[in-house]
Amino acid sequence: MDNRPIGVFDSGLGGLTAVQKLIELLPNEDIIYLGDTGRVPYGGRSRETIIKYARQDIAFLTSFDIKAIVIACGTVSTTAMGEIENDYDLPIAGVVLPAVEKAVKVTKNKRIGLIGTVASINSRAYDRLILERLPDAEIFSAACPLLVPLVENGRINRGDIMIETAVREYLTPIKEQGVDTLILGCTHYPLIGDVIGDFMGGEVSLISPGAETAAFVAELLEKNGISAEKGRIATHRYFVTDSIEGFSSAASLFLRQDVRGEVSKVDLHNF
Ligand code: DGL
């Protein structure tokens, strides 16, 4: 039994799609969330910069007495996790492995689509893990640099010409390949799941890495004997690196519920 919080971070608000599922699956767990909203997006930056930012994010989270770290960011999971995961004496979960496990389970024709940030696609981290599990799979991927800024600006709804145009542009070549599974390889993308689903068609399974990671975290806590006491009331705290103004309304879209918990601004320069 361990009632210490789980530390979760993302470059921005996308990681809240993982928090939403964590709250649902693990209602007794305290959560400390960091969204580096002052520096989002990470996805177009160099590997060195992404590693540096990830270390600062983790240094901030470990300034609290946390029991596990969830990298709720596709970009950090694909690009920095391998480099930094052994530097901390805590269980760490990223979003890539849980998404891959799900994708290889649901695909029937072994034609898998993958979208993500430039850094995530260039890392080929998803491809490697898929092919280790399913050597004859074919993976069709596209970097989608405009999707995160559109999502962070609330352009997420059906009928929004900007998001619909961007989705069509990025996904047409993948759709033409006849994939039956599409990994939304960035934790921001489930917010536009409706728009993507409409475009791809109902027969294509969409995989949300954040949601898959929550189940993985539940197992990780269980395995390490560090789950929180059942029945306790959990507290959630949110930290951002840019203004907290507007955070609650934007965050509630990702969480699919009101933000319940304190929201604070933090400066990561000293971390
Ligand atoms: N949520 C991040 C990810 O999953 C956003 C990408 C970014 O910061 O560029 O990749």
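Because the structure is a prediction, the values reported are computed rather than measured.

**Student:** What is the right way to look at the site of the ligand in this model?
**Tutor:** Neighbouring the ligand are 14 residues, the closest being Ser11, Tyr42, Gly43, Gly74 and Thr75. In the model, a nitrogen atom of the ligand is placed 2.8 Å from a nitrogen or oxygen of the histidine 188 side chain. Across the complex, the protein chains shield 99% of the 290 Å² of accessible surface that the ligand would expose by itself. The cavity that encloses the ligand is the largest cavity. When the residues that make up the shell around the ligand are grouped by side-chain class, the tally is six nonpolar, seven polar and one charged.

**Student:** What should I look at first to understand helix H12 (residues 247-255) in this one?
**Tutor:** Residues spaced three or four apart along an α-helix face the same direction, because each turn holds 3.6 residues. Among the residues making up H12, those that are buried are Phe247, Ala251, Ser252, Phe254 and Leu255. In a view along the axis of H12, the buried residues occupy a sector of 160°, so they form one face of it. Considering only its buried residues, H12 is in contact with helix H1 (16-25), helix H8 (147-152), strand E9 (236-240) and strand E10 (262-265). Phi turns positive, to about 55°, at arginine 256, one or two residues after H12.

**Student:** Explanation requested: the pattern of salt bridges in the structure shown.
**Tutor:** Two side chains of opposite charge can pair, provided their charged atoms sit close to one another. One pass over the full model with this rule turns up 18 salt bridges. Connected via shared salt-bridge partners are Asp2, Arg4 and Asp65.

**Student:** Got a minute to help me understand the sheet that holds strand E3 (residues 68-71) in this structure?
**Tutor:** Two orientations exist for strands paired in a sheet by backbone hydrogen bonds: parallel and antiparallel. With parallel pairing, the six strands of this open sheet are ordered in space as E4-E3-E1-E2-E9-E10. Where the open sheet ends on each side, the last strands, each with one partner, are strand E4 (92-93) and E10. With four bridges joining them, strand E1 (residues 6-10) and E3 adopt parallel strand pairing. Residue pairing in the sheet places phenylalanine 9 in a bridge with isoleucine 71 of E3. Running at roughly 170° to strand E2 (residues 31-35), H1 makes contact with E1, E2 and E9 of the sheet.

**Student:** I tried to follow the packing of helix H5 (residues 96-106) against helix H11 (residues 209-223) on my own but got confused; where do I start?
**Tutor:** With their axes 8 Å apart at the nearest point, H5 and H11 run at an angle of 100° to one another. Considering their axes alone, H5 and H11 lie roughly perpendicular with respect to each other. Where H5 abuts H11, its residues Leu97, Pro98, Ala99 and Lys102 lie against Pro209, Glu212, Thr213 and Phe216. Across the contact of H5 with H11, the residue classes tally to five nonpolar, one polar and two charged.

**Student:** I would appreciate a short explanation of the environment of asparagine 157 in the present structure.
**Tutor:** The residue asparagine 157 is located in the loop between H8 and helix H9 (161-175) in this model. In this structure asparagine 157 comes out as partly exposed when scored by relative accessible area, which is 48%. Separated by 28 residues in sequence, asparagine 157 and glycine 185 have C-alpha atoms that sit 19 Å apart. Excluding anything up to four places from it in sequence, asparagine 157 contacts Ile163 and Val195.

**Student:** Explain the layout of surface pockets here, please?
**Tutor:** Empty space left among the atoms is revealed by rolling a probe the size of a water molecule over them. When its volume is computed, the largest pocket comes out at roughly 450 Å³. Around the largest pocket sit 27 residues that line it, and Ser77, Thr78, Met81, Gly82 and Ala125 are the ones nearest its centre. Listed by contribution, the elements that provide at least two residues to the lining of the largest pocket are helix H2 (47-61), helix H3 (74-79), helix H4 (81-84), E4, H5, helix H6 (118-123) and helix H7 (125-133). With five residues, the single largest contributor to the lining of the largest pocket is H7. Considered class by class, the residues forming the lining of the largest pocket number 13 nonpolar, seven polar and seven charged.

Rules behind the numbers
Residues numbered from 1 in each chain as written. Predicted model: local features only at pLDDT ≥ 70, side-chain atom pairs only at ≥ 80, totals over all residues. Heavy atoms only, no water. Near = heavy atom within 4 Å. Polar contact = N/O pair within 3.5 Å; in protein donor to acceptor, adjacent residues only side chain to side chain. Areas by Shrake-Rupley, 256 points an atom, 1.4 Å probe, with all protein chains shown as cover. 1 Å grid on protein atoms, 1.4 Å probe; cavity = no way out; pocket = protein on both sides within 12 Å on 5 of 7 lines; lining within 4 Å. Sits in = over half its atoms within 2 Å of the grid points. Nonpolar A, V, L, I, M, F, W, Y, C, P; charged D, E, K, R; others polar. Buried < 20%, exposed > 50% of the residue type's maximum accessible area, 1.4 Å probe, protein only. Helix = DSSP H or I, 4+ residues; strand = E, 2+ residues; numbered from the N terminus. Arc of directions from axis to C-beta. Contact = heavy atoms within 4.5 Å. Salt bridge = Lys/Arg side-chain N within 4 Å of Asp/Glu carboxyl O. Pairing = 2+ DSSP bridges. Axes fitted to C-alpha atoms, helices over the stretch in contact; angles between N-to-C directions. Parallel < 35°, antiparallel > 145°, perpendicular 65-115°, else oblique. Points joined across faces, edges and corners; volume = space filled by probe spheres on them.

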